[in-house]
Amino acid sequence: MVDNPTGSPRDWDADPRLDGATVEVYRTVGEVQLLIYHFASPGTGDGDARPGILFFHGGGWQGGEPAQFGEHCKYLAGRGMVALTAEYRVKSRQGVSPWGCIEDAAAAMNWTRANAPRLGIDPERLGAGGGSAGGHLAACIGTCPVIADAARPRALVIFNPVLDTVGEKWRERLAGRDPSEASPLHNVRPGLAPTLVMHGRDDATVPVAQAEDFGRAMTGAGNRCEVEIYDGAGHGFFNFAKRESGFYEKTLRRTDEFLTSLGWIS
């Protein structure tokens, strides 16, 4: 069962694959209501100050569903965190460019931070994560000047993310504005949040060189950035749906180790 704590009329449909989540509307754009699903261990709520992480699904900024990170959220909630996964507008459904996706991602992070006391989250231990285009959104709100500093996550866990939007393949999708404004690689500077990047060496969609270049830039600027490359792994290798490959378990274990090293879980 998906819980709706707001008591408001439900003119939207919660995703049944996210069973056990509490779902709320975090943003309304015109007639579009954007949902955010949050998972926590029993008893979490007002007065708690647990670490939290907000995930963004992949889909090339054109599609995808928040259920992509449902199992990640359930696992991390079981480890004592509050874990969230958010919808955002995409080209196939709402006709938006990646700029609209970025705007929604920032709004989701701002909503989470504003509601942190009620959700039982410590806002100083609120991170962001995502895969592919969702990894880009997490990295973008963590690095890029198009996002206000108040929305910055305190840690990043990103899977085969787009980190360089200046190349021709990505620049076309970001038409109308300077693509470097939304390029995490081009906005690395000192003082950014600790970051874990996990990437498949055989990724034919987002070259592994993006992860390697970003890692070098981050450490060169004095930031903590761990880049884990998985041999024999292609794009989307980390997904629960592909768990038979073993990479879901491996990347989840690596995520756990990283968050433990931050002191967020034990």
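My aim in this report is to walk through the structure given alongside it, one point at a time.

Calculation criteria
Residues numbered from 1 in each chain as written. Predicted model: local features only at pLDDT ≥ 70, side-chain atom pairs only at ≥ 80, totals over all residues. Heavy atoms only, no water. Helix = DSSP H or I, 4+ residues; strand = E, 2+ residues; numbered from the N terminus. Rg over C-alpha atoms; globule rule 2.2 N^0.38 Å. Buried < 20%, exposed > 50% of the residue type's maximum accessible area, 1.4 Å probe, protein only. Contact = heavy atoms within 4.5 Å. Areas by Shrake-Rupley, 256 points an atom, 1.4 Å probe, with all protein chains shown as cover. Polar contact = N/O pair within 3.5 Å; in protein donor to acceptor, adjacent residues only side chain to side chain. Pairing = 2+ DSSP bridges. Right-handed = clockwise from strand over helix to strand, strands pointing away. Core = buried A, V, L, I, M, F, W, Y, C linked by side-chain atoms within 4.5 Å.

## Describing the overall build of the chain
And step 1. Across its full length, the chain holds 8 helices and 8 strands.
And step 2. A compact globule built from 266 residues would reach a C-alpha radius of gyration of about 18 Å, and the chain, at 17 Å, matches this within 12%.
And step 3. Principal-axis analysis of the C-alpha atoms gives the chain an extent of 45 × 40 × 35 Å.
And step 4. A burial count over the chain gives 55% of its 266 residues as buried.
And step 5. The long-range fraction of contacts in the chain, counting pairs at least 24 apart against all pairs at least 6 apart in sequence, stands at 68%.
And step 6. A total accessible area of about 10,600 Å² is found for the chain, and carbon and sulfur atoms account for 49% of it.

## Notes on the side chain of Asn115
And step 1. Structurally, the position occupied by Asn115 is in the loop between helix H3 (98-114) and helix H4 (116-119).
And step 2. Looking at Asn115, its side chain comes within polar contact range of the main-chain oxygen of Trp111, at 2.8 Å.

## Some words on the pairing of strand E4 (residues 82-86)
And step 1. Burial runs high along E4: 5 of the 5 residues are buried.
And step 2. Here E4 shows two buried faces, one formed by Val82, Leu84 and Ala86 and the other by Ala83 and Thr85.
And step 3. Relative to E4, strand E3 (residues 50-56) runs parallel, the two sharing 5 bridges. By the bridge assignment, Leu54 is partnered in E4 with Leu84.
And step 4. At this point the chain moves from E3, through helix H1 (residues 70-78), to the parallel E4, and the crossover so formed is right-handed.

## Concerning the nonpolar core
And step 1. Membership of the largest hydrophobic core comes to 50 residues, with the highest contact counts inside it found for Tyr26, Leu54, Phe56, Leu84, Tyr88, Leu137 and Ile141.
And step 2. Residues within four places of Leu84 in sequence aside, it is in contact with Ile36, Tyr37, His38, Ile53, Leu54, Phe55, Cys73, Trp111, Thr112, Leu119 and Ile121.
And step 3. If you look at the next biggest cluster of nonpolar residues, it comprises 30 residues, including Ala77, Val157, Ala233 and Phe247.

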